[in-house]
Amino acid sequence: MQKINRQDAKLMTGNEACAEAAIVAGMRFFAGYPITPSSEIAEVLSRRLPQEKGVFIQMEDELASMAAIIAASLTGVKSMTATSGPGFSLMQENIGYASMAEVPCVIVSVQRGGPSTGLPTLPSQADVMQSRWGTHGDHPIIVVTPSTVRETFDWTIKSFNFAERFRVPVVVLLDEIIAHITEKIIFPKEEEIKIIERKRTKETPETYLPYKYTDSDIPLFADFGSGYRYNVTGLSHDETGFPTNDPKKIDALYRRLNQKIERYKNEIIEFKTEFLEDAEICVVAYGSSARSTYRAIRQAREAGIKVGIFQIFTIWPFPYEELAKVSHHIKKFIVPEMNLGQIAHEVSCATRCDVIKVNRVDGGLITPDEILERIKHVSV
Amino acid sequence: MFPYEKYLRLDKFPHIWCTGCGCGIIMKAMLRAIEHSKIPKDSIALVSGIGCSSRTPGYVDFNTLHTTHGRAIAFATGLKLAKPELKIIVVSGDGDATAIGGNHFIHAARRNIDMTVIIYNNYIYGMTGGQASPTTPLGKKASTAPYGSIEPTFDISGLAIAAGATFVARSTCYHAVQLDKFIRKGLLKKGFSLIEVLSPCPIYYARPNREGTSVDMLRWYKENSIPIEVARKMSDTKKEGKIITGILHNIERAEFCEEYRKLVERVSKN
């Protein structure tokens, strides 16, 4: 692992933590395009990556940025880009390419309100559904939602690990609060950081098939241009990597691509609960809305209300079963989101309970008081 | 007989191109150029987008990357920067490179990143059934220009020169021998090189425009091509409607990956 100059604690923004964590994870190729509120990630990496003998390039647009990081990752280097809503929209076609061609990569979206240019400088959680379904077709993807600077550091590293292990694009969803807040961050010790590398083939170029089925459902990788002359395409393809129109092979490909995440979801999904043991009300929160929720539930507990939190770190795959498990003694679910309820519906699906939405789309953060008020209202 | 088999993925044939299509002529010229440049197969990455030209990578035994529509040069940029020792060739069409991919095309030329871009210019979107492209000549018919195109065209080579490419040549599928010489020179050039090749689409371009068979189109290329050396001495009115062939531009300028390498040397820790 690359050593970086780290003290035990430091003041840092979420965007800075994301960039530093990527370098710790071994990321050595960044291509991006300026967009508020994500630009600091590119700025930090434009300084840091040449120092680490990595590549930083500012591309002509987000379509090119996504294309460049996919091609770089094919050669075996860990790669990433960072953007916000409109740029994230422009990346979607090539995110689908990464899903289809099974190319590990990490995309950071520091969300802004939308649609369109929306609210460039204000917080939002409006990319939750875009991060899952932004590109066309059934496709595998993993999306994480940290809520603090330290969590951003940890989940950026974990995102690279997911990308490498499952050969999928992974999205880090930040919002403007986490991206720009300056917080104390206590770095994990080196021995606490786990770094995963993609599994590479042991076959010779003569026998290697780039998409050969394995017991794990994840094909073994060969660095593109290292003597294994294979074909990569966004067309539906067979084990050889060449296009196919054979219905059986096409069906097998799409099912395996999606199965790859479904099968390992228990090893992917992470969440955190507090005060849920005896709770009658559960607040399901993610990203910076979770920050306000912690304060709200502690105040509610002081007022004698039985309320707890279910904080989601991996929003896709969504923790349907995990939420269902905690739901039997919960009477009401509250879902605070800086959108009009993108995750509330999923919570409702998972728990088959009434879900009370607390939404803001005016560019303001959801305050602890707003959540507390709803908790009090529900508990009456 | 040139040993094409050495470079072909024979199990991928028959190809999908129509009878009389120019794609095969360009592919073969590219293979001859590679053979004569003595670049090993493992060192070549052939990148394409979407369209008829972009099916070339499937048939040839290199590191091949068939990407999304218009983005071949953007993928190629990532590939070259991540692995500068690779020799990058991009094959693209007039629509792929100068309509949907126009931005990447001019920016790669501006950066002067080391790659050779071969554009199969057939004046039409062939793969999707003959829609008008940025090079469909004024007045010519296409499936989306049933009354004849009213749009001015792009001069692809001129665009590349203006954007900063350091080697630009134009040829046609009639001039196959000249073509592999230009591609070879492009491959050996350190920088962004562009080879524009006029290529017949007898089905979707010639048919609605009553321009005959592929052979008729090749004959038209032959009769209307003027070498750049001759064209320089001609008046603009005499040159109108003619195809100016040859090495149009060949200059030296700092190459992007090399400049990046120097930057890393300057700022990196050992």
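Bear in mind that the values here come from a model prediction, so they are computed numbers and not experimental data.

Caption draft 1: Spatial organisation of the overall build of chain B. Broken down by element type, chain B carries 11 helices and 10 strands. The C-alpha radius of gyration of chain B comes to 18 Å, within 12% of the 18 Å expected for a compact globule of 270 residues. Referenced to the eigenvectors of the C-alpha coordinate spread, the extents of chain B come out at roughly 65 × 45 × 35 Å. For chain B, the proportion of its 270 residues judged to be buried stands at 51%. Taking all contacts inside chain B whose residues are at least 6 apart in sequence as the whole, residues at least 24 apart take part in 67%.

Caption draft 2: Expanded view of the interface of chain A and chain B. Taken residue by residue, the interface counts 33 residues in chain A and 33 residues in chain B. Breaking the side of chain A that touches chain B down by element, the ones donating at least two residues are strand S2 (27–32), helix H2 (39–51), strand S3 (55–58), helix H3 (62–74), helix H4 (85–101) and strand S9 (231–233) of chain A. Looking at chain direction, S9 of chain A and strand S2 (residues 63–66) of chain B are connected through three bridges and run parallel. For Asn231 of chain A, the partnering residue across the bridge sits in S2 of chain B and is Thr64 of chain B.

Caption draft 3: Molecular detail of the sheet that holds strand S6 (residues 142–144) of chain A. Residues and elements named next belong to chain A. On the basis of which strands lie adjacent, the open sheet formed by seven strands has the order S3-S2-S4-S5-S7-S6-S13 and mixed pairing. The sheet is open, and its two borders are formed by S3 and strand S13 (314–316), each paired with just one other strand. Adjacent strand axes in the sheet meet at a mean angle of 25 degrees, parallel and antiparallel pairs treated alike. Of the pairings in the sheet, the one linking S2 to S3 comprises four bridges and is parallel in character. In the sheet register, Gly32 faces S3, and the bridge partner there is Gln58. Strands S2, strand S4 (78–83), strand S5 (105–111) and strand S7 (169–175) of the sheet are contacted by helix H1 (residues 14–24), whose axis makes an angle of about 155 degrees with S7.

Caption draft 4: Summary view of the packing of helix H10 (residues 288–302) of chain A against helix H13 (residues 368–379) of chain A. Residue and element names in this part refer to chain A. The interhelical angle for the contact between H10 and H13, taken along N-to-C directions, is 45 degrees, at an axis separation of 8 Å. Accordingly, the angle class assigned to the pair H10 and H13 is oblique. The chirality of how H10 crosses H13 is right-handed. Two secondary-structure elements touch here, H10 through Ser292, Thr293, Arg295, Ala296, Gln299 and Ala300 and H13 through Pro368, Ile371, Leu372 and Ile375. The residue inventory of the contact of H10 with H13, partitioned by class, reads six nonpolar, three polar and one charged.

Caption draft 5: Here's a closer look at the packing of H1 of chain A against H2 of chain A. All names here are of chain A. Viewed as axis vectors pointing N to C, H1 and H2 meet at an angle of 40 degrees, and their least axial separation amounts to 8 Å. Classified by the angle between their axes, H1 and H2 sit oblique to one another. The element H1 and its partner H2 pack so that their crossing is right-handed. Residues Asn15, Glu16, Cys18, Ala19 and Ile23 of H1 pack against Glu40, Ile41, Val44, Leu45 and Arg48 of H2.

Caption draft 6: Focus on the nonpolar core. Of all hydrophobic cores here, the largest spans 189 residues; its most connected members are Ala68, Ile70 and Ala71 of chain A together with Phe75 and Ile118 of chain B. Split by domain, this core shows at least three residues from each of two domains, domain 1 (9–192) and domain 2 (270–379) of chain A. In this structure Ile70 of chain A touches Asn94, Tyr97, Ala98, Val103 and Cys105 of chain A together with Phe75 and Gly78 of chain B, once residues within four positions along its chain are discounted.

Caption draft 7: Expanded view of the sheet that holds strand S14 (residues 332–337) of chain A. Residues and elements named next belong to chain A. In space, the five strands of this open sheet follow the order S10-S12-S11-S14-S15, with mixed pairing throughout. Both edges of this open sheet fall to strand S10 (271–274) and strand S15 (355–359), since each of them pairs with a single strand only. Sheet twist, expressed as the average angle between the axes of neighbouring strands with direction ignored, equals 20 degrees. The sheet contact formed by S10 and strand S12 (residues 307–312) spans four bridges and is antiparallel.

Caption draft 8: Highlighting helix H8 (residues 247–262) of chain A. All names here are of chain A. Given a rise of 1.5 Å per residue, 16 residues ought to cover 22 Å, and the 22 Å separating the end C-alpha atoms of H8 matches this to within 8%. The set of residues buried in H8 consists of Leu257, Lys260 and Ile261. Buried-residue contacts for H8 involve H4, S6, helix H6 (149–166) and helix H9 (265–268).

Caption draft 9: Molecular detail of the environment of Lys357 of chain A. Residue and element names in this part refer to chain A. Tracing the backbone shows Lys357 in strand S15. For the pair Lys357 and Ile195, spaced 162 residues apart in sequence, the C-alpha to C-alpha distance is 38 Å. If we skip the residues at most four places from it in the chain, Lys357 touches Val335, Gly341 and Ala344.

Caption draft 10: Focus on the domain arrangement of chain A. Residues and elements named next belong to chain A. Partitioning chain A into structural domains gives domain 1 (9–192) and domain 2 (270–379). Taken residue by residue, the interface counts 23 residues in domain 1 and 20 residues in domain 2. Listed by contribution, the elements that provide at least two residues to the side of domain 1 that touches domain 2 are helix H5 (128–133), S6, S7 and helix H7 (176–180). Per-element accounting of the side of domain 1 that touches domain 2 gives the leading share, four residues, to H5. Of the residues contributing to the side of domain 1 that touches domain 2, the split by class is 15 nonpolar, six polar and two charged.

Caption draft 11: Geometry of the pairing of S12 of chain A. Residue and element names in this part refer to chain A. S12 sits mainly inside the fold: six of its six residues count as buried. Covered by surrounding structure in S12 are Val307, Ile309 and Gln311 together with Gly308, Phe310 and Ile312, the residues of both alternating faces. Bridging between strand S11 (residues 281–285) and S12 involves five bridges; their strand directions are parallel. Residue pairing in the sheet places Ile281 in a bridge with Val307 of S12.

Caption draft 12: Focus on H13 of chain A. Residue and element names in this part refer to chain A. With 12 residues, H13 extends 16 Å between its outermost C-alpha atoms, agreeing within 8% with the 16 Å of an ideal straight helix rising 1.5 Å per residue. Here H13 has its buried residues at Ile371, Leu372, Arg374 and Ile375. The buried residues of H13 occupy an angular sector of 160 degrees when the element is viewed end-on, so they sit on one face. For H13, exposure combined with an orientation more than 90 degrees from the buried face picks out Asp369 and His377. On its buried face, H13 is in contact with S11, H10, S12, S14 and S15.

Caption draft 13: Inspection of the environment of Lys41 of chain B at higher detail. Note that Lys41 of chain B resides in the loop between helix H1 (23–37) and strand S1 (44–48). Counting along the chain gives 20 residues from Lys41 of chain B to Asp61 of chain B, while the straight-line C-alpha distance between them is 7.1 Å. Apart from residues no more than four positions distant in its own chain, Lys41 of chain B is found in contact with Arg229 of chain A together with Asp61 and Phe62 of chain B.

Caption draft 14: Structural detail: the confidence of the model for chain B. On average, residues of chain B score 97 in pLDDT, and 100% of them reach the 70 mark or higher. The ipTM, which scores confidence in the relative placement of chains, is 0.97 for this predicted complex, and the corresponding pTM is 0.97.

Caption draft 15: How the structure looks around unusual backbone geometry. Residues and elements named next belong to chain A. Cis geometry marks the peptide bond from Gly114 to Pro115; its omega dihedral reads 5 degrees. Tracing the sequence through the fold places Pro115 in the loop between S5 and H5. The phi angle at Arg167 is positive, at roughly 55 degrees, despite the residue not being glycine. Residue placement: Arg167 occurs in the loop between H6 and S7. Overall, the presence of 25 C-beta atoms within 10 Å leaves Arg167 in the buried class. One non-glycine residue, Arg352, lies in positive phi territory at about 50 degrees. Its location among the elements puts Arg352 in the loop between helix H12 (344–351) and S15.

Definitions and limits used
- Residues numbered from 1 in each chain as written.
- Chains lettered and ligands numbered in written order.
- Predicted model: local features only at pLDDT ≥ 70, side-chain atom pairs only at ≥ 80, totals over all residues.
- Helix = DSSP H or I, 4+ residues; strand = E, 2+ residues; numbered from the N terminus.
- Rg over C-alpha atoms; globule rule 2.2 N^0.38 Å.
- Buried ≥ 20, exposed ≤ 12 C-beta atoms within 10 Å, placed from the backbone.
- Contact = placed C-beta atoms within 7 Å.
- Pairing = 2+ DSSP bridges.
- Axes fitted to C-alpha atoms, helices over the stretch in contact; angles between N-to-C directions.
- Parallel < 35°, antiparallel > 145°, perpendicular 65-115°, else oblique.
- Left-handed = near helix turned anticlockwise from the far one by under 90°.
- Nonpolar A, V, L, I, M, F, W, Y, C, P; charged D, E, K, R; others polar.
- Core = buried A, V, L, I, M, F, W, Y, C linked by C-beta atoms within 7 Å.
- Domains from an automatic or database assignment.
- Expected span 1.5 Å × (residues − 1).
- Arc of directions from axis to C-beta.
- pLDDT = per-residue confidence, 0-100.

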